[in-house]
Amino acid sequence: MLIIMNKFIVFFTVLLFCSFSLTAQNEDTKGADKRFSRFEYVDAAKEYLDLVRDKKGNTYVYTRLADCYYNVFNTQEAERWYAKALAGSDDPELMYRYSQMLKANGNFDQSNEWMTKFSARRPQDIRAVAFKSNPNYLTKIIDRGKKFTVQNLDINSAFSDFGGTISNGNLYIVSARNNTRRTYKWNKEPFLDILEIPIRSDSTYGNAFLMGNKINTKFHEGTVTFSPDGNTMYFSRESFYEKKFEKDLITNNKIGVMNLFRATKTDGLWDNVESLPFNSSTYNSSGPSISRDGKMLFFHSDMPGGFGLADIYKVEINSEGTFGEPVNLGKMVNTSGQERFPFEGSDGTLYFSSDGHLGLGGLDVFFTKEINGVMAPVRNIGIPVNSSADDFAFTIQDTGAGYVSSNRMGGRGSDDIYAINTSQPICDVLIASSIKDSKTGDFLNDVVAVLRDTNGNTLSSESTDNKGKVEFRIECETDTELQVGIVDYESKKVSIPGTRDEKVTVTVELDPIEKLIVDDEIVLNPIYFDFDKSNITAIAAFELDKLVQIMSKYPEIMVSVTSHTDFRGNNDYNLALSERRAKTTAQYVISKGIDASRISGKGMGENEPISMCGNNCTKEEHQLNRRSEFIIVRNTESE
């Protein structure tokens, strides 16, 4: 969990998670429970540990102790105490939380074992359904490979630093480094402020300084986002600033939440700070991010009616500065867990962090995209952006450079900001192809498979392995064509529409080349010519190569090529054009090593059309009539 920012989301998680054991409270736990209810987890843990040392430990104490460590991201201790709690409990939420801590500590096999137990207890839970549908997801995420470089930045302090928004040559982050602030009892760090850091011309960073007191207060401030012109800023702030809070009915504690605010720049200074109209004292709204066109505000919230502990929403920003109604992004994006820190890239890709989708542990960065009003399948961005810790507040520029925040091991503080960079497509698709004999069903090895784009450019060329399989990885939403061929089989082409799915499976069945010989004709797909042209196109060459293969395998075969035109143009002109096409076709075959004596060509003009459409032909009918046919002529000398 995020050591500081998660207070405002986790509060509800803790209430739900621990409600099963509230009846186990007693006079011994009263003091620790009070600190726990105030989010003073460090001190609460000390008191629960004292109870354990005094032989007063039980399932309730172990669970509360584990929750304390969970909330300050001490995963080792959280794992230890969840294990002890489960010795006396079969609560499925305990199982789930324990599995997450195991995963965070790199114990993937054990994590899967406990996820299996959790799934058995709650088979309809969305987390269980996702796990059962893809139990080997960890291996798939890791095997996907590293597309990014990740580097810890010198701007980090020994305290919590996170976020990373660029506007007008400055980097804006959130930090707890301001020692003049009062200490936050959750983690013994100062309250959060927004800092501005100049980015120099050589891409190094200047000194960080606090934004003015119109933005920073004695309460928590959160991450920021800017309008495209840089003159409007949205950020989150604790509701205590406006004296908005709720009181816990049991402890009488004041409970604040995070709200969203807007500020505008006047004469170079930030002013006119106002609360957004959909804020509330009863739920959190935080993590704002402006869309690329400045017309939509994304944020995360635990407002009523969501799917989980925190969901991602969007709200329209009207031209006059008013707002529409917040819209939940739906169950394709949001889960029963937490979805947070949305960010829309320049290409419309939506990035966000989640602990509800399948990941490496804690919060992972995921991405999706709205296509025709529907969110595409959510994808894990993979290592090294994601780790077994919390990875969040992901942003990326057109250049492939950006930032991610994390509390992974090896950082300078509790949360650190990391620079990221990539030159590879973030969204890619695995095309998994299998090639086999259409007659026997046997898989074929050493088949040459060529993947081309819609312009005919070769993207990659590979040969099938001994199981008839070959794989390609391409960028999402790229239409491609797979061309496969091997001696003694008819070559084939398969169109593969672009998609954002992680994997596309393609099976190609190749017919033995003899199937093309029907009676006294070699039946190829039509050899089409462009209007008024006689040159061999790439499509025509693909078909003619089959003819070359047959004539190479059967040297006794002689072939007569007849070429035909459409009705456009006069008959004499068309007859001459068809003669050129027939000779060009024969010349192509000869260029591939077939003796000239074995192939001849004859132009038929418009005399033998397939479609008798005359002067009323459609484009398709004209093309049908522009064709070549291949008649087998027996070589009498070889008989």
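Just above sits the structure.
Note that the coordinates shown come from a computational prediction; the quantities given were computed from them, not determined experimentally.

## Quick look at the pattern of salt bridges
Under the definition given, this model contains 36 salt bridges. Taking the shortest distance from any N to any O, the salt bridge between Arg35 and Glu40 comes out at 3.1 Å. Residue Glu40 is classed as buried on the basis of its relative accessible area of 4%. The salt bridge partner of Arg627 is Glu629, with a shortest N-O separation of 3.1 Å. By relative accessible area, which is 5% here, Arg627 ends up buried. Each of the salt bridges in this network shares a partner with another, and the network as a whole consists of Lys147, Arg379, Asp428, Arg473 and Glu502.

## What to know about unusual backbone geometry
Backbone phi values are negative for most residues with the exception of glycine, while trans is the configuration of most peptide bonds. Of note, the bond from Ile383 into Pro384 is cis; its omega dihedral lies within 30 degrees of zero at 0°. Counting through the fold element by element, Pro384 comes out in the loop between strand S22 (379–380) and strand S23 (391–396). A positive phi angle, close to 55°, is found at Asn272, a residue other than glycine. By the secondary structure assignment, Asn272 is in strand S13 (residues 269–275). Residue Asn272 is classed as partly exposed on the basis of its relative accessible area of 43%. The phi torsion at Glu477 lies on the positive side, around 60°, for a residue other than glycine. Counting through the fold element by element, Glu477 comes out in the loop between strand S29 (469–475) and strand S30 (480–485). For Glu477, a relative accessible area of 39% gives the class partly exposed.

## Structural notes on the layout of surface pockets
One number sums up the size of the largest pocket: a volume of about 820 Å³. Taken together, 26 residues make up the lining of the largest pocket; nearest its centre are Asn134, Arg144, Leu358, Val378 and Glu502. Going through the elements one at a time, helix H8 (126–133), helix H9 (137–143), S22, strand S26 (428–437) and S29 are the ones with two or more residues in the lining of the largest pocket. By residue number, the principal contributor to the lining of the largest pocket is H9, which donates 4 residues.

## Let's talk about empty space enclosed by the protein
Throughout the structure, instances matching the rule amount to 4 cavities of 30 Å³ or more. Within this model, the largest cavity holds a volume of roughly 90 Å³. Tyr96, Gln100, Lys103, Met115, Arg127, Phe131, Tyr137, Asp355, Gly356, His357 and Leu358 are the residues that line the largest cavity. Where the lining of the largest cavity is concerned, the elements lending two or more residues are helix H6 (92–104) and H8. Per element, the largest residue contribution to the lining of the largest cavity is 3 residues, and it comes from H6. Within the lining of the largest cavity, the residues separate by chemical class into 5 nonpolar, 3 polar and 3 charged.

## Structural notes on the state of the cysteines
According to the stated counting rule, one finds 2 disulfides in the structure shown. Covalently, Cys427 is tied to Cys476 through a disulfide, its sulfur atoms 1.9 Å apart. In this structure the cystine formed by Cys427 and Cys476 twists about its S-S bond by roughly -75°; its chirality is therefore left-handed. Of this pair, Cys427 sits in the loop between strand S25 (416–421) and S26 while Cys476 sits in the loop between S29 and S30, and the two are 49 residues apart along the sequence. For Cys476, a relative accessible area of 8% puts it in the buried group. Between the sulfur of Cys613 and that of Cys617 lies a disulfide, 1.7 Å long from S to S. Between Cys613 and Cys617, the disulfide has an S-S torsion of 90° and is therefore right-handed. The buried category is assigned to Cys613, whose relative accessible area is 12%. On the accessibility criterion, Cys617 (14% relative accessible area) is buried. Across the chain, the way the bonded cysteines pair up, counted in sequence order, is 1-2, 3-4.

## Comments concerning a positive patch on the surface
Among the surface-exposed residues, Lys140, Lys467, Lys469 and Lys503 lie close enough to one another that they form a single positively charged patch. Relative to the helices and strands, Lys503 resides in strand S32 (residues 503–510).

Rules and cut-offs
Residues numbered from 1 in each chain as written. Predicted model: local features only at pLDDT ≥ 70, side-chain atom pairs only at ≥ 80, totals over all residues. Heavy atoms only, no water. Salt bridge = Lys/Arg side-chain N within 4 Å of Asp/Glu carboxyl O. Buried < 20%, exposed > 50% of the residue type's maximum accessible area, 1.4 Å probe, protein only. Helix = DSSP H or I, 4+ residues; strand = E, 2+ residues; numbered from the N terminus. 1 Å grid on protein atoms, 1.4 Å probe; cavity = no way out; pocket = protein on both sides within 12 Å on 5 of 7 lines; lining within 4 Å. Points joined across faces, edges and corners; volume = space filled by probe spheres on them. Nonpolar A, V, L, I, M, F, W, Y, C, P; charged D, E, K, R; others polar. Disulfide = S-S within 2.5 Å. Patch = residues over 30% accessible without salt bridge, like charges linked within 9 Å, V, L, I, M, F, W, Y side chains within 5 Å. Areas by Shrake-Rupley, 256 points an atom, 1.4 Å probe, with all protein chains shown as cover. Lys, Arg positive; Asp, Glu negative; His and termini not counted. Charge placed at Lys NZ, Arg CZ, Asp CG, Glu CD.

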